[in-house]
Amino acid sequence: QVQLVESGGGLVQPGGSLRLSCAASGSIFSIVAMGWYRRGSGKQRELVARVTSGGSVDYADSVKGRFTISRDGAKKTVYLQMNSLQPEDTDVYYCNGHIYSSKSTWDSYWGQGTQVTVSS
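Quick look at the structure, then. (Residues numbered from 1 in each chain as written. Predicted model: local features only at pLDDT ≥ 70, side-chain atom pairs only at ≥ 80, totals over all residues. Heavy atoms only, no water.)

1. Some details on unusual backbone geometry
Turning to step 1, where the next piece is worked out: A positive phi angle, close to 55°, is found at Lys-76, a residue other than glycine.
Turning to step 2, where the next piece is worked out: Along the chain, Lys-76 falls in the loop between strand S7 (67-72) and strand S8 (77-82).
Turning to step 3, where the next piece is worked out: Phi angles above zero are rare outside glycine, and Ser-84 is one such case at about 50°.
Turning to step 4, where the next piece is worked out: Here Ser-84 lies in the loop between S8 and strand S9 (91-100). (Helix = DSSP H or I, 4+ residues; strand = E, 2+ residues; numbered from the N terminus.)

2. Digging into the pattern of salt bridges
Turning to step 1, where the next piece is worked out: Evaluation of the coordinates by the stated rule reveals 6 salt bridges.
Turning to step 2, where the next piece is worked out: Among the salt bridges present, the one from Glu-46 reaches Arg-38, with a minimum N-O distance of 3.0 Å.
Turning to step 3, where the next piece is worked out: Of the charged contacts, one joins Arg-39 and Asp-91 as a salt bridge, the two residues approaching to 3.8 Å between their closest N and O atoms. You can see Arg-39 sitting in the loop between strand S4 (30-38) and strand S5 (46-52) and its partner Asp-91 sitting in strand S9, a full 52 residues away along the chain.
Turning to step 4, where the next piece is worked out: A relative accessible area of 44% places Arg-39 in the partly exposed class.
Turning to step 5, where the next piece is worked out: Assessed through its relative accessible area of 11%, Asp-91 is described here as buried. (Salt bridge = Lys/Arg side-chain N within 4 Å of Asp/Glu carboxyl O. Buried < 20%, exposed > 50% of the residue type's maximum accessible area, 1.4 Å probe, protein only.)

3. A word on the nonpolar core
Turning to step 1, where the next piece is worked out: Trp-36, Leu-80, Met-82 and Tyr-93 are the most contacted members of the largest nonpolar core, which totals 27 residues.
Turning to step 2, where the next piece is worked out: Elements supplying a minimum of two residues to this core: strand S1 (2-7), strand S3 (18-26), S4, S5, S7, S8, S9 and strand S11 (114-118). (Core = buried A, V, L, I, M, F, W, Y, C linked by side-chain atoms within 4.5 Å.)

Given below as structure tokens:
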């Protein structure tokens, strides 16, 4: 069993910053990638940022230059530094991990979500 536990959401004024953290624990053989999604307005969660075990990163166009994703492999933790936050960033943010729980068993895991609210 693999668990992803998020922290760091909250209320911030426009232009402010927040840092989200997501720690993976449980039966982990290896981590392929971890990232952050948000609920968005569509039916599927939308990618915010993702980092692979090799260090490759992807960002949604809407957050490029404002958000930075990083990881600590030893702690099995991914971070999302969010700067210059705007009201349109308000959403529930979900951590996602593509994780092998054994040498041959891979799955996509989700955290419970953390609320980010940008408002004056």
